[in-house]
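Examination of the molecular architecture
Here is how the chains run, residue by residue.
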Amino acid sequence: MKETAEGKYRHRFHIKPPEGWLNDPNGTCYFNGQYHIFFQYSPNSPEGAGGRFWGHCVSKDLAHFTFVDTPIVTDTSWDSDGAYSGGAYTGDGILEIYYTGNVKHAGNYDYINEGRDHNVIRVDFADGIHPGPKQLILTNADYPSDLSCHVRDPKVFKEDNCFYMLLGMRSRSSKGGLLLLRSVDRLHWESAKEIYPEDDFGYMLECPDFFDIDGSTVVSFCPQGMKHETDRFQNTYESGYCLSDHKTAATDLNQLISIDGFREWDIGFDFYAPQTFKAPDGRRILIGWAGVPDSGYGNDPAIAEGWQHSLTLPREISVRNGILYTYPVKELEKRRERKVLGFGLVNKAAGEQNILGSELTGGAWDLEISTADIENGLILSLNDDLKLWKDKDRLTLGFTSDAGCRRSERRARLLNGRVERLRLVFDRSLLEIYVNLGEIVFTTRYYPSDPDRIMVFLRSVISAEGWGIV
Ligand code: FRU
């Protein structure tokens with residue numbers, strides 16, 4: 001892989017663009033002996049200008065990723081203004097990709113109800129690496145007439161011997177919804193259902209996903225235009241899921257969707273447009289874009305290095321006692337090497353609290369911490385940059401310096417009011433914080449002045465262990 005971008009904030013073990021811009025993960029799957037993670041890619045500009053293509057990464061172990069190439073570019077009249085997001089279907093022995101071709105017509109249009117095409121294009125990768133010819137599968141004329149031009153991000157799946165495609169959409173009256181289509185051969189599709197949530201999720205839903213896990217069904221989507229609240233929905237656009245406690249058919253998925261039941265995948269500053277896929281051993285894995293469109297905060301130090309954005313770690317989804325958790329796949333542990341922190345049981349008492357202060361070197365590390373629960377106060381800080389504190393059942397992550405590039409504070413509600421476990425994974429300018437084994441996750445870009453030397457301070461520690469990641 002030719003990596004043109006370099007610099008002190010470049011990640012070591014997260015998927016990042018070789019240079020330029022990256023956004024949504026696409027076409028995630030396991031096929032032909034390896035994992036495939038495609039992504040929205042603009043190689044020519046870290047700000048995302050100059051064409052939106054698909055980059056492609058592969059991995060044998062979900063821990064090391066290799067960039068392959070840029071297999072989908074905008075070389076037809078069906079996708080001339082962007083090869084937008086889409087998914088993979090691998091049930092027939094080849095890797096089929098379905099994505100949105102974005103076309104903007106020249107003229108005086110609003111590009112919402114007029115002037116834009118969102119086509120579904122299929123490309124087969126028979127060997128998983130080389131794309132075959134593009135096939136035009138659907139155009140806006142195939143969608144119901146009450147929809148705006150914004151109908152995108154297809155996800156194809158099979159249920160009860162029928163194939164379904166789920167798309168995000170915006171109606172002509174600016175209500176966000178999902179469009180379900182049905183097919184017997186995955187080439188000819190007919191409309192099965194327009195799904196408009198009863199609750200107000202805003203004007204557009206993007207990047208849908210739908211799957212079963214441990215007897216439950218999950219529908220995932222990214223609403224734009226939701227009302228912000230104090231402890232949730234704090235980003236410009238949201239990304240979350242609704243979970244049922246029983247298996248629900250695709251045609252009934254509207255029954256799953258409510259604002260009360262909508263939980264965010266990640267409550268941090270930088271998370272959007274995730275996709276899931278199944279590992280060969282049956283695990284359901286989630287991977288998201290560690291970014292949010294139109295966020296108002298920046299990544300200036302990465303841009304100065306010639307790149308912007310990355311994908312989160314692959315996270316295993318599990319449902320226990322009706323609660324969904326996401327946690328780094330166990331394969332990451334294979335990359336743990338030297339210890340950067342090791343305290344079996346901390347017994348340095350300061351008042352009633354066990355305090356731990358330590359310098360973490362190497363710029364890429366993974367810490368696991370058990371804490372004694374506290375009612376109120378500081379739990380963790382990194383340098384004088386970033387703090388995590390608790391106020392009863394509210395947990396707040398806040399920047400106290402400009403190492404957040406204009407990021408401020410994000411708050412979450414703990415389900416049982418306690419913080420017992422923390423995991424921090426840091427990769428030079430990306431931090432993922434997993435609370436209580438993934439009950440809550442905060443993902444944020446973080447630009448410390450020296451990623452190789454970070455002071456960590458922990459309060460109420462019972463034990464703490466950490467490793468460098470190589
Ligand atoms: C989400 C999104 C998708 C679209 C893609 C374009 O971030 O807006 O809806 O397909 O990005 O890059």
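Presented here is a report on the structure given in the accompanying data block. None of these values were measured; they are calculated from a predicted model.

Moving on: the side chain of Asp61. Secondary-structure assignment places Asp61 in the loop between strand E3 (53–59) and strand E4 (66–72). A distance of 2.8 Å separates a polar atom in the side chain of Asp61 from the backbone nitrogen of Ala63. Of note is the side chain of Asp61, whose polar atom sits 2.8 Å from the side chain of His64.

Pairing is antiparallel in the open sheet, where 4 strands are placed in the order E5-E6-E7-E8. The sheet is open, and its two borders are formed by strand E5 (83–89) and strand E8 (134–138), each paired with just one other strand. Between one strand axis and the next, the sheet turns by 30° as a mean value, whatever way the strands run. Inspection of the sheet shows strand E7 (residues 116–125) paired to E8 by 4 bridges, in the antiparallel sense.

Moving on, we come to the packing of aromatic side chains. How two aromatic rings sit relative to each other is set out by the distance from centre to centre and by the angle between their planes. What the rule picks out here adds up to 28 aromatic pairs. Judged by centre distance (5.2 Å) and plane angle (80°), the ring pair of Phe201 and Phe262 falls under edge-to-face. Placement of Phe201 in the loop between strand E12 (190–195) and strand E13 (204–213) and of Phe262 in the loop between strand E15 (240–244) and strand E16 (263–264) is noted, with a sequence separation of 61 residues between them. As far as burial versus exposure is concerned, Phe201 and Phe262 are alike and both buried. Joined through ring pairs, the aromatic side chains of Phe269, Tyr297, Trp365, Phe399, Phe426 and Tyr446 make up one cluster. Above the ring of Tyr325, the side-chain terminus of Arg320 is found at 4.0 Å from the ring centroid. Looking at Arg336, its charged tip hangs above the ring of Trp467, at a distance of 3.8 Å from the centre.

Before going further, it helps to examine the site of the ligand. Near the ligand, the surroundings consist of Asn23, Asp24, Gln40, Arg52, Tyr84, Ser85, Arg152, Asp153, Glu206, Cys207, Tyr272 and Trp289. The contact in question runs from an oxygen atom of the ligand to an N or O atom on the side chain of Asp24, over 2.8 Å. In the model, an oxygen atom of the ligand is placed 2.9 Å from a nitrogen or oxygen of the Glu206 side chain. If the ligand stood free it would expose 320 Å²; the protein chains cover 92% of that surface. Elements represented by at least two residues in the shell around the ligand include exactly strand E1 (20–31), E5, strand E9 (147–159) and E13. Broken down by class, the residue content of the shell around the ligand amounts to 4 nonpolar, 3 polar and 5 charged.

Conventions and cut-offs
- Residues numbered from 1 in each chain as written.
- Predicted model: local features only at pLDDT ≥ 70, side-chain atom pairs only at ≥ 80, totals over all residues.
- Heavy atoms only, no water.
- Helix = DSSP H or I, 4+ residues; strand = E, 2+ residues; numbered from the N terminus.
- Polar contact = N/O pair within 3.5 Å; in protein donor to acceptor, adjacent residues only side chain to side chain.
- Pairing = 2+ DSSP bridges.
- Axes fitted to C-alpha atoms, helices over the stretch in contact; angles between N-to-C directions.
- Phe/Tyr/Trp six-rings, centres within 6.5 Å; stacked < 30°, edge-to-face > 60°.
- Buried < 20%, exposed > 50% of the residue type's maximum accessible area, 1.4 Å probe, protein only.
- Lys NZ or Arg CZ within 6 Å of the ring centre and 35° of its normal.
- Near = heavy atom within 4 Å.
- Areas by Shrake-Rupley, 256 points an atom, 1.4 Å probe, with all protein chains shown as cover.
- Nonpolar A, V, L, I, M, F, W, Y, C, P; charged D, E, K, R; others polar.

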